[in-house]
Amino acid sequence: MPSSLLVTSLVNTIQIGSLYALMALGLTLTFSVIKLPNFAHAEYVTAGAYAALIISLAGVLNPLIIIAVAFLVGALTAVVSHLIVFKPLERQNVSLYTLILASFAVGLIIRYILFTIADYFNIFDLRIAIPLQILFRTGSLILTNLFAWVAPTSIVLVILLTLLINRTALGREMRALANNTILARVIGIPVERVKNYTWLLVGGMAGVAGALWGLQSAVSPLMGWAAIISVFAAAILGGLSSFPGTILGAYVVAFSENTIMLFLNFSYGVDLAYKPAIPFIIIIAVLLIRPQGLTQLLKRAGELGR
Amino acid sequence: MPLLQLFNLRKDFGGLRAVDDVSLEVATGAIVGLIGPNGSGKSTLLNLIAGSAERTAGRIIFDGDEISGLSADQVFQRGIARGYQDPSLYLKMTTLDNALLPVKSQRGEHPWYAPWRRFWQKQEAENARAAAGVLEQVQLLGHYDSLASDLSGGQMKLLEMGRSLMGSPKLLLLDEPTAGVAPNLAYEIFEEISRLRQQHGITFLIVEHRLEILFDFVDSVYVMHLGNLLAHGSADDIASNETVREVYFGD
Amino acid sequence: MINIDLGATAISVLTLFGIYALMSISLNLEYGVAGVPNFGQALFVSIGAYVAGVTYTRLLPLLAGMESVHPCGPTMGQALQLRSEIMATQPVAGFINLALTLVIAAILSGAVGFAVSYVTLRLKEEWFLALVLLVGGETVRIVVRGADDLICSHNGISSVAQPFYFLDDVQMSSILFMLLALALALIAYLYSQRLTHSPYGRMLKGLRENEEVTRGLGKGISLARAQIMLIGSAIAAIGGVLFALNTGFVNTNDYVVTLTLDVWVMVVLGGIGNNRGALLGAALIAIMDRVTQVAAIALNMSGSPIEFNYVRFIAFGIILLLMLRYRPAGLLPESRLTTIAHETAKRLTPGKTI
């Protein structure tokens with residue numbers, strides 16, 4: 001495989017891996033604290049992306065404002081879905097499958113609302129058009145200011161979230177909830193409030209991931225759903241409980257999808273159309289062979305609990 | 001020869017030793033109590049015997065055969081049934097169906113035969129007669145068509161016991177059969193246990209916290225503490241045993 | 001305005017009902033009765049469709065005594081013409097091909113269902129099975145779409161004619177196909193009804209209610225679960241064959257997660273654990289599908305900017321949520337088990353107290 005392609009694929013790995021990490025951490029957090037494998041998570045990403053796209057089309061081109069709006073819209077979507085759907089269902093003590101099914105339904109509703117909006121304004125497959133500047137160029141590799149936004153913003157947010165979980169009072173309460181909901185309630189942790197904040201954070205991060213995603217490639221109503229299995233693969237590599245494991249998992253998935261896939265294509269002629277099968281293979285392999293994910297390898301550092 | 005023998009049975013959960021080299025015997029036809037403070041390993045011990053938890057070490061001999069390592073369904077087939085501390089009835093099924101489910105080797109349980117009634121209808125009717133007998137014994141025949149969720153707490157306990165009987169067990173493991181039941185009904189449940197022993201020769205190993213009732217019915221009592229067997233003896237011996245009083249009642 | 005041909009509408013809705021009923025009966029057996037969360041219904045349906053895609057291009061010409069033409073690539077048009085011609089002129093070959101397709105699809109899908117459920121027994125958490133099935137369905141779809149030869153990757157196979165295509169009377173031909181779909185659905189319904197109201201059904205419901213207790217009562221539940229997955233998957237694949245024949249296409253794009261969700265909506269709407277409920281759910285969704293189709297066309301023609309096909313999915317999502325929240329048992333709640341045991345017990349009960 002030509003080295004220029006290798007470098008490009010590695011750049012993609014970093015960029016996409018960082019976005020996956022941002023999304024997968026939210027999934028891990030929801031699963032640990034809320035105890036829900038939330039399939040609607042994908043749509044918080046898409047909602048954020050569309051919010052970002054719409055305000056950029058309206059003339060707002062400052063990336064920071066775009067990201068902030070995406071955060072707010074993602075967070076709003078998540079909190080509303082919690083308050084209207086998940087919270088009342090949890091109160092009814094429904095089975096986990098009912099909650100999973102509800103998360104599918106929530107995702108479906110948001111996705112097709114976005115479809116309707118996109119159709120109405122005819123905004124399919126557009127990129128969030130902040131002005132491009134070339135920062136660095138060597139051979140075929142071109143790094144633009146997009147790269148400077150996408151990966152670093154994701155990484156900074158991942159670090160901030162990790163700090164929040166490990167160093168703040170809210171983070172401590174979340175970890176307590178992740179460990180044992182009943183016990184957390186008994187020792188006086190305001191469970192409902194912590195859950196609300198969790199949804200807010202999770203949705204906001206997903207929204208930002210959507211905006212960043214929309215900076216580097218086209219925004220479409222299916223973009224979140226198309227990524228959700230990769231994101232699940234990353235979270236499952238992290239055992240659905242560990243932050244470092246999830247982050248590592250995100251880069252492993254991105255590396256497999258980009259670099260390894262390209263390598264297979266060059267060396268063995270594997271069709272690039274099979275790329276979406278990679279996260280599926282990872283999920284099935286991990287669940288069957290190593291359901292605890294990569295957590296043990298990381299010596300349980302930063303474990304959320306469970 | 002005892003019906004059930006445990007040799008150095010051990011169970012570790014991670015670093016915690018829940019059951020620590022326990023050896024005990026239950027004689028055929030006996031009612032044996034198993035007591036101890038919360039977290040002393042009683043329920044874990046029942047789980048190990050019933051095959052619903054995997055032992056770390058040790059052997060379980062039942063009716064002359066080694067059953068260590070068998071799965072829960074295989075253990076049941078050998079003749080050990082168990083009751084649960086929390087109500088474990090199938091709430092969306094009728095009393096009768098609850099009783100019929102555990103019957104062994106039902107032909108209609110095989111999916112290839114199930115759609116063709118003539119293969120299993122006769123057997124089902126026979127099983128229903130047996131179930132009606134058991135339900136009558138636990139005074140629930142009149143409720144055969146009620147959903148289990150409509151029964152009272154005491155009736156649920158009785159149905160659970162009746163259901164265990166439908167697998168024609170030799171040994172019944174009960175985990176706090178009177179938990180959450182009014183005192184007079186609790187006494188009735190133990191009278192029922194005693195009757196079952198007499199009529200069907202069933203052996204009982206019972207975890208129970210209501211010692212005042214338990215002690216009226218048992219042949220012998222084992223006391224567990226922190227995963228170890230602390231004492232063994234008749235109800236009177238145990239009641240007057242200083243060490244037991246210390247760990248149990250804290251005086 | 002658009003003209004609605006009531007006769008044709010009724011035929012198409014009833015045909016769709018028959019096909020949906022096969023899918024919902026299958027999921028109801030798996031999830032409603034046995035509690036196995038099959039979020040991969042699209043996988044098993046798609047197996048039926050893919051098998052049809054293969055048999056109608058490879059097996060059919062052989063049965064008609066002709067040389068088969070490679071269905072994809074440069075000979076695509078020629079192959080299409082060949083199978084249309086055979087279906088139009090050789091009904092016997094068509095029927096034999098359909099029968100074999102149904103059998104192969106059922107066996108293949110059943111085997112996959114059986115195997116998946118056995119493999120996933122090792123999973124740490126119950127819901128992983130749901131994830132594996134969902135993910136498995138998508139994986140198979142991607143692999144089939146990626147394969148150039150099987151069903152011509154993203155082109156799919158078109159002109160997969162239904163078996164009565166040879167009739168000159170188009171309406172009669174679609175009526176007969178409708179009857180075929182309804183007959184298969186009826187058989188599936190009667191079969192699952194008998195399966196549910198038997199000691200096997202009792203054991204499955206026990207497994208659904210409390211796995212640990214059922215194991216403790218001597219039931220080898222892993223086998224029971226694998227068996228119901230085998231049966232359910234086979235029924236779903238039969239639905240998949242008919243689905244492909246009904247649309248005339250085999251295309252991987254039809255077998256995505258939204259199809260799985262459609263089937264879930266049918267079961268949740270009709271009544272979880274109730275075979276009649278599964279039929280009711282299938283009927284309601286078939287009608288709603290048709291209504292949204294008509295509404296979409298009508299809206300489009302009236303120049304409305306709203307795309308009604310999107311509204312369909314939003315409506316389905318809302319229905320699902322409303323049902324889960326306010327009527328979790330469905331429109332027709334689960335009926336009690338009835339076997340001869342209840343009559344026997346009734347006779348033995350002196351002066352029934354209830």
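Everything quoted here is computed from the prediction, not taken from an experiment. (Residues numbered from 1 in each chain as written. Chains lettered and ligands numbered in written order. Predicted model: local features only at pLDDT ≥ 70, side-chain atom pairs only at ≥ 80, totals over all residues.)

Visitor: Tell me about the overall build of chain C, and name the residues and values.
Guide: Looking only at helices and strands, chain C has 13 helices and zero strands in total. Along chain C, from the amino end to the carboxyl end, the secondary structure elements read α-α-α-α-α-α-α-α-α-α-α-α-α. Its C-alpha atoms give chain C principal-axis dimensions of about 70 × 45 × 40 Å. (Helix = DSSP H or I, 4+ residues; strand = E, 2+ residues; numbered from the N terminus.)

Visitor: Requested: an account of the overall build of chain A, with residues and values cited.
Guide: The secondary structure content of chain A amounts to eleven helices and two strands. Helices and strands appear in chain A in the N-to-C order α-α-α-α-β-β-α-α-α-α-α-α-α. Here the C-alpha atoms of chain A give a radius of gyration of 19 Å, agreeing with the 19 Å that 2.2 N^0.38 yields for 306 residues. Each of the three principal axes of chain A carries a C-alpha extent, and together these read 60 × 45 × 35 Å. By residue count, 53% of the 306 residues in chain A fall in the buried class. Considering only contacts in chain A between residues 6 or more positions apart, those separated by 24 or more positions represent 79%. (Rg over C-alpha atoms; globule rule 2.2 N^0.38 Å. Buried ≥ 20, exposed ≤ 12 C-beta atoms within 10 Å, placed from the backbone. Contact = placed C-beta atoms within 7 Å.)

Visitor: Requested: an account of the nonpolar core, with residues and values cited.
Guide: One finds Tyr20(A), Met23(A), Ile283(A), Leu22(C), Ile238(C) and Val241(C) to be the most contacted residues of the largest nonpolar core, which totals 294 residues. The element that contributes the greatest number of residues to this core is helix α9 (residues 221–247) of chain C, accounting for 16 residues. Here this core gathers at least three residues from each of two domains, domain 1 (4–89 + 156–249) and domain 2 (94–150) of chain B. If near-sequence neighbours (up to four positions away) are discounted, Val241(C) is found in contact with Gly48(C), Ala49(C), Val51(C), Ala52(C), Thr101(C), Leu102(C) and Ala105(C). (Core = buried A, V, L, I, M, F, W, Y, C linked by C-beta atoms within 7 Å. Domains from an automatic or database assignment.)

Visitor: Outline the interface of chain A and chain C, supporting the account with residue identities and numerical values.
Guide: Each side of the interface is counted separately: chain A has 33 residues, and chain C has 33 residues. Within the residue set of the side of chain A that touches chain C, elements represented by two or more residues are α3 (63–91), α4 (96–121) and α11 (277–289) of chain A. At 16 residues, α4(A) tops the list of elements feeding residues into the side of chain A that touches chain C. Residue composition of the side of chain A that touches chain C, by class: 29 nonpolar, two polar and two charged. (Nonpolar A, V, L, I, M, F, W, Y, C, P; charged D, E, K, R; others polar.)

Visitor: Any details on the pairing of strand β3 (residues 31–35) of chain B? Residues and values, ideally.
Guide: Residue and element names in this part refer to chain B. Extensive coverage of β3 is indicated by the burial of five of its five residues. Going residue by residue along β3, you find Ile 31, Gly 33 and Ile 35 tucked away on one face and Val 32 and Leu 34 tucked away on the opposite face as well. Pairing between β3 and strand β8 (residues 203–207): four bridges, direction parallel. By the bridge assignment for β8, Gly 33 is matched with Ile 206. (Pairing = 2+ DSSP bridges.)

Visitor: Summarise the sheet that holds strand β1 (residues 4–13) of chain B; cite the residues concerned and give the values.
Guide: Residue and element names in this part refer to chain B. With antiparallel pairing, four strands are arranged side by side in an open sheet as β2-β1-β4-β5. Since the sheet does not close on itself, it has two edges, and those belong to β2 (16–26) and β5 (65–66), each with one partner. As paired strands, β1 and strand β4 (residues 57–62) are joined by five bridges and run antiparallel to one another. The residue bridging Leu 4 from the neighbouring strand is Phe 62, located in β4. Lying on the sheet, helix α1 (residues 42–50) is in contact with β1, β2 and β4; it crosses β2 at an angle near 65°. (Axes fitted to C-alpha atoms, helices over the stretch in contact; angles between N-to-C directions.)

Visitor: Would you mind going over the arrangement of the chains in detail, with residue names and values included?
Guide: The interface with the highest contact count, out of two pairs of chains in contact, is the one between chains B and C. The two units chain A and chain B remain apart, with a minimum C-alpha distance of 14 Å.

Visitor: A description of the interface of chain C and chain B should follow, citing residues and the corresponding values.
Guide: If you look at the interface, chain C gives 37 residues, while chain B gives 42 residues. Those elements that provide at least two residues to the side of chain C that touches chain B are α6 (170–196), α7 (199–209), α8 (211–216), α9 and α13 (340–348) of chain C. Ranked by residue count, the leading element in the side of chain C that touches chain B is α7(C), at eight residues. Residue composition of the side of chain C that touches chain B, by class: 14 nonpolar, 13 polar and ten charged.

Visitor: Go over α9(C), please, and point to the residues and values.
Guide: Quick reminder: α-helices carry 3.6 residues per turn. Residues three or four places apart thus point the same way. All names here are of chain C. Between its first and last C-alpha, α9 extends 38 Å over 27 residues, near the 39 Å set by a 1.5 Å rise per residue. The buried count for α9 comes to 22 of 27 residues, which makes it a mostly enclosed element. Of the residues trailing α9, Gly 248 is marked for its positive phi of about 85°. (Expected span 1.5 Å × (residues − 1).)

Visitor: Which residues make up the environment of Ala10(C), and what values do they have?
Guide: With respect to the secondary-structure elements, Ala10(C) resides in helix α1 (residues 6–33). Spatially, the C-alpha atoms of Ala10(C) and Gly94(C) are 25 Å apart, while their sequence positions differ by 84 residues.

Visitor: Can you lay out the sheet that holds β3(B) for me, pointing to particular residues and giving the numbers?
Guide: All names here are of chain B. Spatial strand order, β6-β7-β8-β3-β9-β10: six strands in an open sheet with mixed pairing. Sheet topology places β6 (80–82) and β10 (228–233) at the edges, where each strand pairs with a single neighbour. For this sheet, the mean angle separating the axes of adjacent strands, direction not counted, is 20°. When strand β9 (residues 220–225) meets β10, the two strands line up antiparallel, connected through five bridges. Across the sheet, the residue bridging to Val 223 is Ala 231, located in β10.

Visitor: Help me get a handle on the packing of helix α2 (residues 41–63) of chain C against α9(C), residues and values and all.
Guide: All names here are of chain C. Remark: α2 packs on α9, axes separated minimally by 7 Å, with the N-to-C direction vectors making an angle of 55°. Taken together, the axis directions place α2 and α9 in an arrangement best described as oblique. Where α2 crosses over α9, the two elements pack in a sense that is right-handed. Seen from α2, the contacting residues are Gln 41, Phe 44, Val 45, Ser 46, Ile 47, Gly 48, Ala 49, Val 51, Ala 52 and Gly 53; seen from α9, they are Ser 233, Ala 236, Ala 237, Ile 238, Gly 239, Gly 240, Val 241, Phe 243, Ala 244 and Leu 245. Looking at the contact of α2 with α9 residue by residue, the class counts come to 13 nonpolar, seven polar and no charged. (Parallel < 35°, antiparallel > 145°, perpendicular 65-115°, else oblique. Left-handed = near helix turned anticlockwise from the far one by under 90°.)

Visitor: Talk me through the packing of helix α2 (residues 41–57) of chain A against helix α9 (residues 223–237) of chain A; I want residue IDs and the actual numbers.
Guide: All names here are of chain A. Between α2 and α9, whose axes approach to 8 Å, the crossing angle comes to 140°. When the axis of α2 is compared with that of α9, the two are oblique. Every pair of crossing elements has a handedness; the one defined by α2 and α9 is right-handed. Contacts from His 41, Ala 42, Glu 43, Val 45, Thr 46 and Ala 49 of α2 reach α9 at Met 223, Gly 224, Trp 225, Ala 227 and Ile 228. For the contact of α2 with α9, a count of residues per class yields seven nonpolar, three polar and one charged.

Visitor: Got a sec to walk through the confidence of the model for chain C? Specific residues and values, please.
Guide: On average, chain C scores 88 in pLDDT, and the residues at 70 or more come to 97%. As scored by the predictor, the complex reaches a pTM of 0.89 and an ipTM of 0.88. (pLDDT = per-residue confidence, 0-100.)

Visitor: I'd love a proper account of the pairing of β9(B), names of residues and values included.
Guide: Residues and elements named next belong to chain B. Judged by how many residues are buried, β9 sits mostly within the fold: five of six residues are covered. Bridge count between β3 and β9: four bridges; the pairing is parallel. Pairing of Val 32 across the sheet is with Ser 220, part of β9. In sequence, β9 turns back onto β10 through a hairpin of two residues, with Leu 226 there showing a positive phi of about 50°.

Visitor: Tell me about the confidence of the model for chain A, and please be specific about residues and values.
Guide: Of the residues in chain A, 93% reach a pLDDT of 70 or more, and the chain-wide mean stands at 84. Predicted confidence is poor over residues 299–303 of chain A, with pLDDT under 50, and the contacts of this stretch with residues over four places away or in other chains come to ten contacts.

Visitor: Before we move on, can you summarise unusual backbone geometry with the specific residues and values?
Guide: Residue and element names in this part refer to chain B. Positive phi, close to 60°, is recorded for Gln 139, a residue that is not glycine. When you line up the elements, Gln 139 lands in the loop between α4 (121–137) and α5 (153–165). Taking the C-beta count within 10 Å as the criterion, Gln 139 has 14 such neighbours and is therefore assigned partly exposed. A positive phi is found at Ser 168, a non-glycine position, where the angle reads about 35°. Looking at where Ser 168 falls in the secondary structure, it is placed in the loop between α5 and β7 (171–175).

Visitor: How would you summarise the environment of Ala64(C) if you had to cite specific residues and measurements?
Guide: All names here are of chain C. On the secondary structure map, Ala 64 appears in the loop between α2 and α3 (76–89). C-alpha of Ala 64 to C-alpha of Asn 97: the two residues are 33 residues apart in sequence and 9.4 Å apart in space. Beyond its immediate stretch of four places on either side in the chain, Ala 64 contacts Ile 86, Gln 90 and Ala 93.

Visitor: Any chance you could break down α4(A) for me, citing the residues and the numbers?
Guide: All names here are of chain A. The terminal C-alpha atoms of α4, which comprises 26 residues, lie 38 Å apart, in line with the 38 Å expected from a rise of 1.5 Å per residue. For α4, a buried count of 19 out of 26 residues is recorded, marking the element as mostly surrounded by other parts of the structure. Following α4 by one or two positions, Asn 122 has its phi on the positive side, about 55°.

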